[in-house]
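# A closer look at the structure
Chain by chain, the residues:
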Amino acid sequence: MARATNVVDVTAVIATEALSMRFPRVTALDRLTLDIGPGVTGLVGSNGAGKSTLIKILLGLSPATEGRAAVLGLDVATSGAAIRERVGYMPEHDCLPPDVSATEFVVHMARMSGLPPTAARERTADTLRHVGLYEERYRPIGGYSTGMKQRVKLAQALVHDPQLVLLDEPTNGLDPVGRDEMLGLIRRIHTDFGISVLVTSHLLGELERTCDHVVVIDGGTLLRSSSTSDFTQTTATLAVEVTDSDNHPDGTGALRKVLIDAGITLVGHDGIDTEGLPGAGHILLIEADGEDTYDVVRDSVAGLGLGLVRMEQRRHHIAEVFRTEQGAAHTAAAPAAAGAVHPAAQQAVQQKGSGRDER
Amino acid sequence: MSAETRAAAGRDASRIHNIGYRSYDGPRLGRAYARRSLFSQTLRGSYGLGRSAKSKVLPMLLFGVMALVAAILVAVSMAAPDASKLVVKYTSYAIYLQAVIGLFIAAQAPQAVSRDLRFKTVPLYFSRPIERTDYVLAKLAATAAALFILTGTPLLILYVGSLLAKFDFADQTKWFAQGLVSVALLSVLFAGLGLVMAALTPRRGFGVAAVIALLTITYGAVSTVQAIAWETGSTGAVQWLGLFSPITLIDGVQTAFLGATSAFPGGEGPGAGAGVVYLIVVLALVAGSYAVLMRRYRRAGL
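Sequence order as written defines the numbering, with residues in each chain counted from 1. Both sets of labels track the order of writing: A upward for chains, 1 upward for ligands. With the structure being a predicted model, the display of local features is reserved for residues of pLDDT at least 70 and the display and counting of side-chain atom pairs for 80 or more, all residues being used for whole-chain, interface and lining totals.

### A look at the overall build of chain B
The helix and strand inventory of chain B stands at 12 helices and zero strands. Where helices and strands are cited, they refer to DSSP runs of H or I of at least four residues and of E of at least two residues respectively, numbered from the N terminus. Reading chain B from its N end, one meets helices and strands in the order α-α-α-α-α-α-α-α-α-α-α-α. With the C-alpha coordinates aligned to their principal axes, the bounding extent of chain B is approximately 105 × 55 × 30 Å. Three exposure classes are used, all based on how many other C-beta atoms lie within 10 Å of a residue's own C-beta (placed from the backbone): buried at 20 or more, exposed at 12 or fewer, and partly exposed between those limits. For chain B, buried positions account for 42% of its 302 residues.

Encoded structure:
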């Protein structure tokens, strides 16, 4: 999980400086200063946090009220067309005409990006294959599944081989399998294709697995910008579930005892996940400090002779990191206390939840 | 045996299994090229080329009607003994067949702009090098070109037919040129109005109805009022009433400047003075259409 951060020798792909965007009634961006390097960057924010406004400014489509922004070293205010030639954009909403085939549509979009006819055809065939569309690409888009449509949308953003793609909520509307495939594809855009990615999402969990870097904005201001490995290392939560055996009728309890003896920190209410999911009472939540924790858990389970049902990273923990940060920022609590507050706060939330269930 | 292995090894080496990602280092032709591509895509789309077979039916049918009627008129002209000119004037042709032209623009203007709006494809265009002006100009020019092909081809058939019939070359060429100028003006005007109506009503079907309504209702109203005015003896009003419908505008301009015979009641077309007003109104409508389209797309980007 400790992903090496090789963002050392690089120039910024996206840089903004005190970027503000004010509309008569709302302030969409408020003196936002960002520095995003190559790689996969997640842009997180709730609806109305300013994500779309930022993308619009980065594409040079609407001038910012104040401040400056540069994409690939080009000023958005003066080089909009040059930026749009080197950047791909995948909108959040549906944007495909149903009565043409994926091939025809993507070829047309490639030509709109300035590719000569022959190159447009070749690149289209290549790109559609890379996003995983094969024979169906000759059929009208109207008959495609949501997953296939998302792939076509991605293909049109990649067809002109941009240096950067802006993906707006690419996993929206996908089922878990489709979501995983899309995230894998996004990862490959950087690792295999060498294209930098800015991906927005409101599901923080999926960004931790995909992104090198996560930027959180809220109300048009920067909440946090950091490399994903930073906080997965310090605060990763592992969920472990084991079977019971004849020797240990309470397998979970036995494992907890062994793990505490091994010096591993448990999270939450005595390490038991009480979030109300089926079987949640048998899931131990432990804090993973690094690669060794996995080994300790494995060895402990094997030592007890129990069956390991699951050992997984809890997906929502980035959310928790940001929630506590946000809470700490809002209540202006002493920074030192923030860490200590965390488990107690979580417990309070859990108790509130279970109380509601009983009623 | 060794030869076999060598051959196999050779084949393996020459076969490329891993077709990984290839980056593109070729030329990027930029804005003007993208605008041209959009123009040709829209123009082809107007005749259903590059689209489903179903969408080829109507435009091709209308094109066929336009051409067939012209061919029949040529045949009739040639069959007539000692004929010295065609039975129809070049400038009258589009006026006679205005219903066909109206149907064409009503069906194809929504195709050109409403689809992009309805399926929200517009943001994909504006996230590319082209600007709003490029998009609007390409769509406008392509629709006007499609109309020009529709209205100009029958004139060409008439012209070729008249030359085969050995009618006076100089006269025919002059009239043909006048006819072409007239239908060019008509194409641009109808394209502008049609696209505006279609862009303002992106819902399926509504755009078609809106364009037909604009063309037929105004024409119906204008010709009715003109007829009443002429019957009641206010002939002076007839020429000014023509300003209020697209097809009578074209009629007025070509009567004033292009040697056409007006289809107004009693042939009361505008003279050169009123003709200038007609021309100004036509040009203002085209410019206005462009302005409205530009406004329409200001909000549609992303």
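### A closer look at the overall build of chain A
Each helix and strand counted, chain A has 12 helices and 13 strands in total. Across chain A, contacts joining residues at least 24 apart in sequence account for 70% of those joining residues at least 6 apart. Placing a C-beta atom from the backbone of each residue, one calls two residues in contact when those atoms lie within 7 Å.

### Structural notes on the sheet that holds strand 2 (residues 27–36) of chain A
All names here are of chain A. Strand order in the open sheet made by the four strands is 2-1-4-5, with antiparallel pairing throughout. What marks the edges here is a single partner per strand, and that holds for strand 2 and strand 5 (74–75). For strand 1 (residues 14–22) and strand 2, the ladder comprises six bridges, and the chain directions are antiparallel. Bridge pairing links I14 to I36 in strand 2. The axes used here are C-alpha line fits, helices contributing only the stretch in contact, and every angle between their N-to-C directions lies in the interval 0 to 180 degrees. Strands in contact with helix 1 (residues 51–58) are strand 1, strand 2 and strand 4 (66–71); relative to strand 1, the strand with the most contacts, it is inclined by about 115°. We call two strands paired when DSSP finds no fewer than two bridges between them.

### Here we look at the pairing of strand 4 of chain A
Residue and element names in this part refer to chain A. Looking at chain direction, strand 1 and strand 4 are connected through five bridges and run antiparallel. Within strand 4, the position partnered with S20 by the bridge is E66. Looking at chain direction, strand 4 and strand 5 are connected through two bridges and run antiparallel. Within strand 5, the position partnered with V71 by the bridge is L74. Here strand 4 folds back onto strand 5 in antiparallel fashion, the turn holding two residues, of which L72 has a positive phi close to 50°.

### Re the confidence of the model for chain A
Residues and elements named next belong to chain A. A score between 0 and 100, pLDDT records how confident the predictor is in each residue. Mean pLDDT for chain A: 80, with 78% of residues reaching 70 or above. Contacts of residues 1–10 to residues separated by more than four positions or lying in other chains number 18 contacts, the stretch itself having pLDDT below 50. Note that residues 324–359 has pLDDT below 50 and, in this model, 22 contacts with residues that lie over four places away or in other chains.

### Observations concerning the interface of chain A and chain B
Listed per partner, the contact involves 33 residues of chain A and 33 residues of chain B. Sort the elements by how many residues they give to the side of chain A that touches chain B and helix 3 (residues 102–112) of chain A lands first, with five residues. Of the residues that constitute the side of chain A that touches chain B, the class distribution is 15 nonpolar, seven polar and 11 charged. Side-chain classes are defined by residue name, with Ala, Val, Leu, Ile, Met, Phe, Trp, Tyr, Cys and Pro counting as nonpolar, Asp, Glu, Lys and Arg as charged, and the others, Gly among them, as polar.

### Describing the nonpolar core
If you look at the biggest cluster of nonpolar residues, it comprises 141 residues, and the most contacted ones within it are L58(A), V106(A), V165(A), L195(B) and V211(B). Sorting elements by how many residues they give to this core places helix 8 (residues 169–200) of chain B first, with 15 residues. Setting aside residues up to four positions removed in sequence, V106(A) forms contacts with T124(A), T127(A), L128(A), V152(A), A155(A), Q156(A) and V159(A). In these notes, a nonpolar core means any group of buried Ala, Val, Leu, Ile, Met, Phe, Trp, Tyr and Cys residues linked to one another through C-beta atoms within 7 Å.

### Digging into the pairing of strand 3 (residues 40–44) of chain A
Residue and element names in this part refer to chain A. A large share of strand 3 lies buried, amounting to five of its five residues. Bridge count between strand 3 and strand 8 (residues 196–201): five bridges; the pairing is parallel. Bridge pairing in strand 8 links L43 to T200. Judged from the four bridges that link them, strand 3 and strand 9 (residues 213–218) form a sheet pairing that is parallel. Within strand 9, the residue paired with V44 across the bridge is V216.

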